[in-house]
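Chain by chain, the residues:
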Amino acid sequence: MTFQERLQENKFSITCEINPPKGAEAAEMLEEAEALRGRVDAVAVTDGKSSVMAMNPLVMSHLLQRKGFETLLHVSCRDRNRLALQSDLLGAAALGVGNLVVATGDYSSMGDQPQTKPVFDLDSVQLLKGIQKMESGQDLGGNPLNGRPSFSWGHGESQPGPGGSAGTAADPHGEEDCRGAKFFLTQPVYDVPAFSRFMKRAASFGIPFWPACCP
């Protein structure tokens, strides 16, 4: 059963997040991922988590899927303008990487190269709307696409960028923003009573939530 099928049937699922390697060698990461086989329903692949430069997550997702893993590709708005984001999404569709976790992205000043200039051309909510438009057969400029992409997309955890509020999208201590998402991944949950209250508020949305936990 695919991840999208599990979503549609409201099945309990387990995902695990991995960070692509900081280098061109992926063999060790792929070997470590074998410990997840048969234990998780999908592997989430981060996109420059905490603004630390690493291998392109689309490449890592493709390598994992060639090994038989289903992936959740994180897409951050921090580093790419709308042209680059659309280009990457079309590439993901062509490679069969169909599950997306959209996030506005952490501030560049948090990372290992704080002098980096962030982009934030779109925030996560705007990108979700853009994905819906691409699935209808048009790019964000209203131009026709040669072949419609099809995705299962969700909203993920991140710090808010200019004009965006992705950090509060599924934050148990914040205000929920469920516009356009089919599922949510939360920030790590440490306060169980607060998370319980959050889930009671969020239940009315009818959208699957994946609470994050740290070992």
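Above: the structure in question.
Residues numbered from 1 in each chain as written. Predicted model: local features only at pLDDT ≥ 70, side-chain atom pairs only at ≥ 80, totals over all residues. Heavy atoms only, no water.

Caption draft 1: Here's a closer look at the overall build of the protein. Within the protein, the secondary structure is distributed over six helices and seven strands. The helix and strand sequence of the protein, counted from the amino end, reads α-β-α-β-α-β-α-β-α-β-β-α-β. Burial analysis of the protein (215 residues in total) assigns 46% to the buried set. The long-range fraction of contacts in the protein, counting pairs at least 24 apart against all pairs at least 6 apart in sequence, stands at 72%. Element-wise, carbon and sulfur atoms account for 52% of the exposed surface of the protein, whose accessible area totals about 10900 Å². (Helix = DSSP H or I, 4+ residues; strand = E, 2+ residues; numbered from the N terminus. Buried < 20%, exposed > 50% of the residue type's maximum accessible area, 1.4 Å probe, protein only. Contact = heavy atoms within 4.5 Å. Areas by Shrake-Rupley, 256 points an atom, 1.4 Å probe, with all protein chains shown as cover.)

Caption draft 2: Local environment of unusual backbone geometry. In the Ramachandran plot, Asn10 falls in the positive-phi region, its phi being about 55° despite a non-glycine side chain. By secondary structure assignment, the location of Asn10 is in the loop between helix 1 (3–8) and strand 1 (15–18). For Asn10, a relative accessible area of 63% gives the class exposed. Backbone geometry at Phe120 places phi at a positive 50°, although glycine is not the residue there. Topologically, Phe120 is positioned in the loop between strand 4 (99–103) and helix 5 (124–135).

Caption draft 3: The environment of Arg6, seen in detail. Residue placement: Arg6 occurs in helix 1. A relative accessible area of 17% means that Arg6 is categorised as buried. As for Arg6 and Asp41, which are separated by 35 residues in sequence, their C-alpha atoms are 9.0 Å apart. If we ignore the near neighbours within four places in the chain, the residues touching Arg6 are Met1, Lys11, Phe12, Ser13 and Asp41.

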